Amino acid sequence: MSEGRYPVLEINLGKLEHNLRAVLERCAAAGIGVAGVVKGFTAWPEMARVYERCGCPYIASSRMEQLRGLRAAGIQTPLMLLRIPMLSELEEVAETADLSLQSEPEVLRALNAVLERKGGKRHKVLLMVDLGDLREGFWNRQELIDLAVEVERELPFLELAGVGTNLTCFGSVKATPEKMEELLEIAAQTEAAIGRKLTYVCGGASSSLHMVLEGTMPAGVNLLRLGESVLQGGFLGCEMDFARKDVFTLKAEVVEVKDKPSYPEGELTADAFGRVRSYDDRGIRRRALAAIGLADYGSFTDILPRAAGVEVIGASSDHTVLDVEAVKDRIRVGDVLEFDIDYASMVYLTNTPSVRRKYVII
Ligand SMILES: *Cc1c(COP(=O)(O)O)cnc(C)c1O
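Nothing here was measured: the structure is a model prediction, and the numbers come from that model.

Summing up its helical and strand segments, the protein has 11 helices and 16 strands in all. Looking at the protein residue by residue over its 362 residues, the buried ones come to 49%. Considering only contacts within the protein whose residues lie at least 6 apart along the sequence, 65% involve residues at least 24 apart. Distance from the positive charge centre (43 side chains) to the negative charge centre (53 side chains) of the protein: 5 Å.

Another point: the domain arrangement of the protein. Under the domain assignment, the protein is made up of domain 1 (31-235) and domain 2 (248-360). When domain 1 packs against domain 2, close to 1100 Å² is buried across both sides, 59% of that on carbon and sulfur atoms. Per-residue buried area on domain 1 facing domain 2 is highest for G40, W44 and Q232; these three make up 49% of the total on that side. Between domain 1 and domain 2 we count zero salt bridges in total. The interface formed by domain 1 and domain 2 includes five residue pairs in polar contact (both at pLDDT 80 or more). Looking at the side of domain 1 that touches domain 2, the elements that each hand over two or more residues are α2 (45-53) and α9 (228-232). For the side of domain 1 that touches domain 2, the per-class residue count stands at four nonpolar, three polar and three charged.

This part takes up a negative patch on the surface. Negative charge collects at one region of the surface, where E104, E106, E143 and D146 lie side by side. Position of D146 among the secondary structure elements: in helix α6 (residues 141-154). Exposure remark for D146: the relative accessible area of 46% places this residue in the partly exposed category.

Attention now goes to the pattern of salt bridges. Under the definition given, this model contains 26 salt bridges. The salt bridge involving E17 is made with R53; its shortest N-O contact spans 2.7 Å. Here E17, found in helix α1 (residues 13-29), pairs with R53, found in helix α2; they are 36 residues apart in sequence, far enough to count as distant. One salt bridge in this structure joins E256 and K260, with 3.0 Å as the shortest N-O distance. What emerges from the salt-bridge pattern is a single network uniting E10, K251, R306, E338, D340 and K358.

On to a nonpolar patch on the surface, then. On the surface, a nonpolar cluster with roughly 400 Å² of combined accessible area is contributed by L134, W139 and F170. Relative to the elements of secondary structure, W139 occurs in the loop between β6 (123-129) and α6.

As a further point, take helix α7 (residues 177-194). Here α7 is 18 residues long and its end C-alpha atoms lie 25 Å apart, about the 26 Å a rise of 1.5 Å per residue gives. Looking only at α7, the buried set comprises M180, L183, L184, I186, A187, T190, E191 and I194. Looking straight down α7, one finds its buried side chains confined to an arc of 160°; they lie on one side. Facing away from the buried side of α7 by over 90 degrees, the exposed positions are E178 and A192. G195, located one to two residues past α7, shows a positive phi value of around 75°.

The environment of the ligand is formed by 14 residues, the closest being K39, S206, R225, G227 and E228. S206 has a polar side-chain atom sitting 2.5 Å from an oxygen atom of the ligand. One of the backbone N or O atoms of E228 is found 2.8 Å from an oxygen atom in the ligand. Each residue belonging to the shell around the ligand can be placed in one class, and the counts come to six nonpolar, three polar and five charged.

The rules behind each value
Residues numbered from 1 in each chain as written. Predicted model: local features only at pLDDT ≥ 70, side-chain atom pairs only at ≥ 80, totals over all residues. Heavy atoms only, no water. Helix = DSSP H or I, 4+ residues; strand = E, 2+ residues; numbered from the N terminus. Buried < 20%, exposed > 50% of the residue type's maximum accessible area, 1.4 Å probe, protein only. Contact = heavy atoms within 4.5 Å. Lys, Arg positive; Asp, Glu negative; His and termini not counted. Charge placed at Lys NZ, Arg CZ, Asp CG, Glu CD. Domains from an automatic or database assignment. Buried area = accessible area lost by both parts, 1.4 Å probe. Salt bridge = Lys/Arg side-chain N within 4 Å of Asp/Glu carboxyl O. Polar contact = N/O pair within 3.5 Å; in protein donor to acceptor, adjacent residues only side chain to side chain. Nonpolar A, V, L, I, M, F, W, Y, C, P; charged D, E, K, R; others polar. Patch = residues over 30% accessible without salt bridge, like charges linked within 9 Å, V, L, I, M, F, W, Y side chains within 5 Å. Areas by Shrake-Rupley, 256 points an atom, 1.4 Å probe, with all protein chains shown as cover. Expected span 1.5 Å × (residues − 1). Arc of directions from axis to C-beta. Near = heavy atom within 4 Å.

As structure tokens, then:
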């Protein structure tokens, strides 16, 4: 395929590095290390190398195949597995991941056995506590402490590195200083039970970063796992005026420009994806079709045209419908339109061979 083919996802590695260094600096000042979470961009090695160069103590993903890809690409930074491992992938976890997040005794015992059989390499674990968001982690605190003691005393190929939590992902529960205090309390109880200090108290993801920036993060939390905030240069409820919001630029080509009614003509049923939609009748409007669609970016509300006067009004799997009435004399077939993307569409756009990637340094 030709070099000029669209769509293109352009990644500005210089802006990514700027954001990452700015966040690392602020976290370091609060005594916090940052695991660089790379699953949002499918762990593309060229981008992961920025995290390595900036000195992240861990590079993290929820998917083993991404961690394996990073090792194969020569990444030397310790690798963190974010999703509770499947029993069926423990061989791979033992071979490739240096640290994993855990919440099931059965998984830990099986992982210890795999590590022993493979020759005794040690693997670090963080035990996850659920502070109310209701995704992964122990709900019963005593169960967590009992398991910590078991790992410490009876599973010699595992190193209990600390405790961690995850907030805001399922239950939309806000990360607050009170939640962090609760985590620190559990860490202290765990330390008392095992008779030594833990290396890490891991206070969550991007939704916890606001406390670092506002100076309200309780002392003792010393690790965060950050993806979206660094990549997007912001996060809901977290002001990051020092960060670039345009690390990514999506470029798509216009394949049709015509004046058409804004209300469909005929009997209405469901759209290409089986959804019943509503349409505003705004009369005849100039409309452009771009050669990119839901199969590339997931949801049409997750791509945002950079040019004023261009509006995404819908999409099917391979087409995006744009209202360009406000800039009607300036849009032609063959034009390339630029979009900002949000985190959800980044996950899709970096996962498809239909979108060509292009790196920009400055
Ligand atoms: C994805 C993920 C993160 C990173 O979340 P962001 O909101 O992108 O910072 C952190 N921890 C876990 C367990 C995750 O799955």
